[in-house]
Amino acid sequence: MEPLLCYPDPLPGPLQAALRQGGYDFRCLGKPELVDATEPGVTKDGWSGAVVSAAGDLTGAVTLCRHLRRRDVPVAPLLLGVAPDQLAELALREDLFDDFCVLPATLEELVARLEHLMWRAGRGLAPDVIEHGPLVLNLETYQAAVAGRVLDLTYMEYELLRFLSA
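The shown structure was predicted, so the numbers you read here are calculated from the model rather than taken from an experiment. (Residues numbered from 1 in each chain as written. Predicted model: local features only at pLDDT ≥ 70, side-chain atom pairs only at ≥ 80, totals over all residues. Heavy atoms only, no water.)

Asks: Which residues make up empty space enclosed by the protein, and what values do they have?
Replies: One pass over the structure, following the stated rule, counts one cavity of 30 Å³ or more. In this structure, the largest cavity encloses a volume near 40 Å³. Forming the boundary of the largest cavity are L4, A50, P77, L78, L79, L114, L117 and M118. For the lining of the largest cavity, the elements supplying multiple residues, two or more each, are β4 (78-82) and α3 (107-120). Element by element, the count of residues in the lining of the largest cavity is highest for α3, at three residues. Residue composition of the lining of the largest cavity, grouped by class: eight nonpolar, no polar and no charged. (1 Å grid on protein atoms, 1.4 Å probe; cavity = no way out; pocket = protein on both sides within 12 Å on 5 of 7 lines; lining within 4 Å. Points joined across faces, edges and corners; volume = space filled by probe spheres on them. Helix = DSSP H or I, 4+ residues; strand = E, 2+ residues; numbered from the N terminus. Nonpolar A, V, L, I, M, F, W, Y, C, P; charged D, E, K, R; others polar.)

Right under this line is the structure:
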């Protein structure tokens, strides 16, 4: 997965801790205007999402969010962190972010919001599967396939196959 774009540099400690706990790779951006600069190992549109903290610089954060949304390939999902006194500034700007949280937020809340946004964007964690030779069992969708061909199984047949293949 491509890294997350984060702003500012350095990212506040709780946000860094949440990204690390969630297992996300991220790159911090010092200035909003540097968003299109060539980043080693990252394609021009290769960000998997963005985490922007407006707590220290609301103007820069909004400028960056606006720029990320107006690209040929908009960066999504976008999580915006705001200070409690900045909540009124979010009015009529919902199009600039997918979700927001009031900082300081708990580590658990930040991780949960990021996981939810990634899941909604189709970039969540890979589904749990059991692979045994050509047999693949998807534990989330209860589907079984052999050599890519989906099997039509009853619930009991699927459960028995899962038990025997685990």
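Next comes the rest of the account.
Asks: Describe the sheet that holds strand β1 (residues 4-7), naming the residues involved and giving the relevant values.
Replies: Sheets are built from strands that pair by backbone hydrogen bonding, the pairs being arranged parallel or antiparallel. With respect to topology, five strands assemble into an open sheet ordered β2-β1-β3-β4-β5, the strand pairing being parallel. Strands with a single pairing partner mark the edges of an open sheet, and in this sheet they are β2 (26-28) and β5 (99-102). Strand after strand, the sheet turns through a mean of 20° between neighbouring axes, direction not considered. (Pairing = 2+ DSSP bridges. Axes fitted to C-alpha atoms, helices over the stretch in contact; angles between N-to-C directions.)

Asks: Which residues make up the pairing of strand β3 (residues 49-53), and what values go with them?
Replies: Counting buried positions over the five residues of β3 gives five, a clear majority of the element. Here β3 shows two buried faces, one formed by G49, V51 and S53 and the other by A50 and V52. One ladder, built from four bridges, connects β3 with β4; its direction is parallel. Opposite V52, over in β4, you have L80 as the bridge partner. Note on the crossover from β3 through helix α2 (residues 58-69) to β4: the handedness is right-handed. (Buried < 20%, exposed > 50% of the residue type's maximum accessible area, 1.4 Å probe, protein only. Right-handed = clockwise from strand over helix to strand, strands pointing away.)

Asks: Quick one: what's the story with the packing of helix α1 (residues 13-21) against α3, residue by residue and with numbers?
Replies: At their nearest, the axes of α1 and α3 sit 9 Å apart, and the two run at 55° to each other. In terms of orientation, α1 lies oblique with respect to α3. As α1 packs across α3, the resulting crossing turns out to be right-handed. Residues P14, L15, A17, A18, L19 and Q21 of α1 lie in contact with α3, whose contacting residues are L107, L110, V111 and L114. Considered class by class, the residues forming the contact of α1 with α3 number nine nonpolar, one polar and no charged. (Parallel < 35°, antiparallel > 145°, perpendicular 65-115°, else oblique. Left-handed = near helix turned anticlockwise from the far one by under 90°. Contact = heavy atoms within 4.5 Å.)

Asks: Could you give me a rundown of a nonpolar patch on the surface, with the residues and numbers involved?
Replies: Together, L87, F100 and V102 make up a nonpolar patch on the protein surface, roughly 200 Å² of accessible area in all. Within the element layout of this structure, V102 appears in strand β5. Owing to a relative accessible area of 31%, V102 belongs among the partly exposed residues under this scheme. (Patch = residues over 30% accessible without salt bridge, like charges linked within 9 Å, V, L, I, M, F, W, Y side chains within 5 Å. Areas by Shrake-Rupley, 256 points an atom, 1.4 Å probe, with all protein chains shown as cover. Salt bridge = Lys/Arg side-chain N within 4 Å of Asp/Glu carboxyl O.)

Asks: Summarise the nonpolar core; cite the residues concerned and give the values.
Replies: Membership of the largest hydrophobic core comes to 20 residues, with the highest contact counts inside it found for A50, V52, L68, L78 and L80. At the level of secondary structure, the elements contributing two or more residues to this core comprise β1, β3, α2 and β4. When residues of this core are assigned to their parent elements, the largest contribution, six residues, is made by α2. If we ignore the near neighbours within four places in the chain, the residues touching L78 are A50, V52, C65, L68, R69, L96, F97, D98, D99 and L117. Formed by 18 residues, the second largest nonpolar core is a distinct cluster that contains L79, L103, L110 and M118. (Core = buried A, V, L, I, M, F, W, Y, C linked by side-chain atoms within 4.5 Å.)

Bear in mind that shape data such as this cannot, by itself, settle questions of function.
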